[in-house]
Amino acid sequence: MGCLYILVFAIIITAVPSIHARTRQALQYGWKFAKTDTAGAQREWQNVRVPHDWAIHEPFSRKHDLQIVAVEQNGETEKTEKTGRTGGLPYMGRGVYTKNFDVQDTTNRTFTFLFDGVMSNPQVSVNGQHVGNWAYGYNSFYINIPDGIIHPGENNITVEVENKPQSSRWYPGAGLYRNVHLITTSKVHIPVWGTYITTPYVSDNEASVKLITTITGASKGKAILANTEITDEAGNVVAKNVSTYYAHQQPFTQQFLVKSPKLWSPESPNLYVARTTLSIDSIEVDSYSTRFGIRSIQYIPEKGFFLNGKYTKFKGVCNHHDLGPLGAAVNRAALRHQIKMLKDMGANAIRTSHNMPAPELVELCDEMGMMVLLEPFDDWGYSPKSPNGYGAIFNEWAEKDMMNMLHNFRNNASVVMWSIGNEVPSQWGPDGVQELQMLLDIVHREDPTRPATCGMNDIGAVMGNGFAAALDIPGFNYKPQFYEWAYNTLPQKIILGSETASTVSSRGCYMFPAELKANATYHGNQSSSYDTEFCYWSNIPDIDFAADEDYPWMIGQFVWTGFDYLGEPTPYDTDAWPSHSSVFGIIDLASIPKDRYYLYRSQWNTDSPTLHILPHWNWKGREGLVTPVMVYASYPKAELFINGVSQGIKEKSNTGNKAGADCNNDGSSDKTILPDAQTAMNRFRLIWDEAVYHPGEVRVVAYDENDNPVDETIIRTAGKAHHLVLTPDRTTIDADGNDLVYVTIQIADKNGNIIPDDARMVNFKVSGAAEFLATANGDPTSLLPFDQPKMKLFSGAATAILRASDTPGEATLTVTASGVKPATATIGVR
């Protein structure tokens, strides 16, 4: 018993008294929202939870945000009417959000509202007093509330939002689509984004850590004790620094040495936390945590990119910010689902095209091991792409937006490069290099540890006017035929494929004959899943694979895009309604992989084998006709059998022209790369061009380099529809009110063969500890709403998304459809 008394006494005398502890509250519930008309009159109020996208549940319509765009092709400029460019959803207009919140005490307290992003032009008022605003809808910003506005008891925050027409080239979302936080601290505190942490020296044996901290609210000359502990993921303290800060001392720097550091990488995303506690006269006044990773990045001329001293290629994707049927409303579980799919494909990087991301995305990339190329905007001041887009506010807001972006994300281990723009018209404008240099100067000043790039598409201009030469890393969009010329000409001696491929395909749709085509269009507004179609400016994936393999100075690529997204329905973007979403994605709008997913997986995922057959084998009416078969495999060769009859062994060819290199090396014209595309296809795909369709079984046997059979896969012609098949991506989710489960719905015959072309309506019913949230089928022409519990199958599949309640239990999804047996899936909510 005596020991117990001694222990309690020791805790009491060594504990540091704390006053006015820091709190951070996500303001998710209790909001009211109303659309307003142009005169400011409010419609009726709705109760909503934030994040909230006001447009995603509205009906699609061709009339929404029609845009007239000047397109230059073959030396001539033509004006075209873009339909579905921003998704055919009514994001335009004004809205207002309001919420009451309680405060217990305001004595010696500061209050800050942190907005992760508001679409767009938010005007913020607290208790009827205007306290701040921001212009750009994608950026995070914070507002420190002046003393006297917030009082003990009930208070109110109101956010007015306005989205102007023709302000975007894709679906931007609308409203409080990202999280809102209320942060309270004592007067002496570390402000939002008030730390900057770097790792100047990194080795396997030790690493130095440098922490720069901003402290506000202290009286001049007042001594503040700053106690910083660095802990690993197990909670062990690995380094510590206790030192005194004086108010005139800015910046305040602490140094650390971590022994045997666990380095951050995509394979091992180890993280640390630096927790800084501020005390005055032995009383704790604030505590601030900074999560970071220890890793080194090097971009070495002629050699490439090195992470922790290891040669690394970017196997990246570009992603827009919307989450398909969830719209722009951010959800951590949905982002985790996307990253998990991309990592299984073998991707190791994401480009946040073309805007600052939600903080949750970068946090998850830290945790899951996904490098980030972080990009702020799509336009600069010269010749804006959209009348009300970022170009209209660039001169006033660019530096402020860059500062917020850099301060927000420069502590994240996953961020390994900054982008300062994408295909900006300034690349050929009179002040383009001046604008570029201004943005570069901001990056270099605020974060000299990472290089900056810019996605450039006018190679003739940027190679001749100094634009490309001024960048840290020259990034080219869709110019693999000029990589060698750029490498030999530019001073950096390193090249990035900042945006590649733009191959188009609709999941499960195959067009005959299967051939390489640019700008191919068909009745029904779909693109071929043979992965042989692209845009006039782009190419098939195989060309970029070749560039990555052939050139050590080629540091990798970012494919356009990882996921289909709302808006930009190229090649059906010119008066081709009802197309309203892209077909660029490797994964469709319903989060279902297309065939192309397995092509990238066969090249990028070196840990798990890939063996995938296309097309499906249900072709009533094509009996006896040539139906080419392709196999995407991580193996060098394979043999195809149709109904037990060998169609021969095909082997990948590793010879041919390098990446469709431009023979003239002058960049004077974008010569066709079609002759080299076929060669590249034979290098990365196994193709049986003369296969003939007969119903039955298609079997592929894969062989290793020594001709040993090592794997096989089979697809069969499906018979009559018999029963529904449900495949959840997880069997257990968290009871936090936000976690999601994605359930794929398909129909099989009595033998379990999936029917690849079924298009019937399926109906959803959810009971128990979850609710139906959204559905999609991946059809870019479907006008069915996302928020109703029914959806037509597209190419035999659809997705239902369920959201967990905050009460543990079990959730049951029951799916029914005409003419087939129903199915249920049970999900644990823990």
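Residues numbered from 1 in each chain as written. Predicted model: local features only at pLDDT ≥ 70, side-chain atom pairs only at ≥ 80, totals over all residues. Heavy atoms only, no water.

Some remarks on the packing of helix α9 (residues 541-550) against helix α10 (residues 595-604)
A packed helix pair is summarised by two numbers, namely the angle formed by the two axes and the spacing between the axes.
At step 1: Where α9 meets α10, the axes come as close as 11 Å, and the angle between the chain directions of the two elements is 10 degrees. One element, α9, and the other, α10, form an angle in the roughly parallel class. Counted together, P541, D542, F545 and E549 of α9 and R596, L599, Y600, Q603 and W604 of α10 form the full contact between these two elements.
At step 2: Residues that form the contact of α9 with α10 fall into these classes: five nonpolar, one polar and three charged. (Axes fitted to C-alpha atoms, helices over the stretch in contact; angles between N-to-C directions. Helix = DSSP H or I, 4+ residues; strand = E, 2+ residues; numbered from the N terminus. Parallel < 35°, antiparallel > 145°, perpendicular 65-115°, else oblique. Contact = heavy atoms within 4.5 Å. Nonpolar A, V, L, I, M, F, W, Y, C, P; charged D, E, K, R; others polar.)

A few points about the nonpolar core
At step 1: Ranked by size, the top nonpolar core spans 186 residues in total, and within it F113, F115, Y299, F314, W380, I420 and F476 carry the most contacts.
At step 2: Excluding anything up to four places from it in sequence, W380 contacts G391, F394, I420, G421, V424, S426, G432, E435, L436, L439, C454 and F467.
At step 3: Counting 31 residues, the second largest nonpolar core, distinct from the first, contains I755, F772, A798 and V815. (Core = buried A, V, L, I, M, F, W, Y, C linked by side-chain atoms within 4.5 Å. Buried < 20%, exposed > 50% of the residue type's maximum accessible area, 1.4 Å probe, protein only.)

Points about the sheet that holds strand β36 (residues 645-651)
At step 1: Across the sheet, which stays open at both edges, the four strands sit in the order β36-β35-β38-β39 with antiparallel pairing between neighbours. Each edge of the open sheet carries a strand with a single partner, namely β36 and β39 (709-716). The sheet shows a mean angle of 20 degrees between the axes of neighbouring strands, direction not considered.
At step 2: Inspection of the sheet shows strand β35 (residues 637-642) paired to β36 by five bridges, in the antiparallel sense. Among the inter-strand pairings, A638 is bridged to a residue of β36, identified as K650. (Pairing = 2+ DSSP bridges.)

Overview of the confidence of the model for the protein chain
At step 1: Mean pLDDT over the protein chain stands at 93; residues scoring 70 or higher make up 94%.
At step 2: Segment residues 1-15: pLDDT under 50, and zero contacts once partners within four positions in sequence are set aside and those in other chains are kept.
At step 3: Overall, residues 660-675 carries pLDDT values under 50, and its contacts beyond four positions in sequence, including any with other chains, amount to 31 contacts. (pLDDT = per-residue confidence, 0-100.)

Observations concerning the pairing of strand β27 (residues 452-456)
At step 1: Within β27, five of the five residues are buried, which leaves the element mostly enclosed by the surrounding structure.
At step 2: Across three bridges, the pairing between strand β26 (residues 415-422) and β27 is parallel. Each bridged residue has a counterpart across the sheet, and for N422 the counterpart in β27 is G455.
At step 3: With four bridges joining them, β27 and strand β28 (residues 473-477) adopt parallel strand pairing. Bridge assignment links C454 to a residue of β28, and that residue is P474.

Description of the pattern of salt bridges
At step 1: Across all of its chains, the model carries 35 salt bridges by this definition.
At step 2: Measuring nitrogen to oxygen at the nearest pair gives 3.0 Å for the salt bridge that ties D378 to K385.
At step 3: Among the ionic contacts, a cluster of salt bridges with common partners joins R169, D378, K385 and E568. (Salt bridge = Lys/Arg side-chain N within 4 Å of Asp/Glu carboxyl O.)

A closer look at the sheet that holds strand β11 (residues 153-163)
At step 1: An order of β3-β2-β6-β11-β8-β9 is seen for the six strands of this open sheet, with the pairing classed as antiparallel. With partners counted over all chains shown, the strands left at the sheet margins are β3 (46-48) and β9 (129-133), one partner each. Each adjacent strand pair in this sheet contributes to an overall mean axis angle of 25 degrees, direction not counted.
At step 2: Direction of pairing for strand β8 (residues 123-126) relative to β11: antiparallel, over a ladder of four bridges. Each bridged residue has a counterpart across the sheet, and for V126 the counterpart in β11 is I157.

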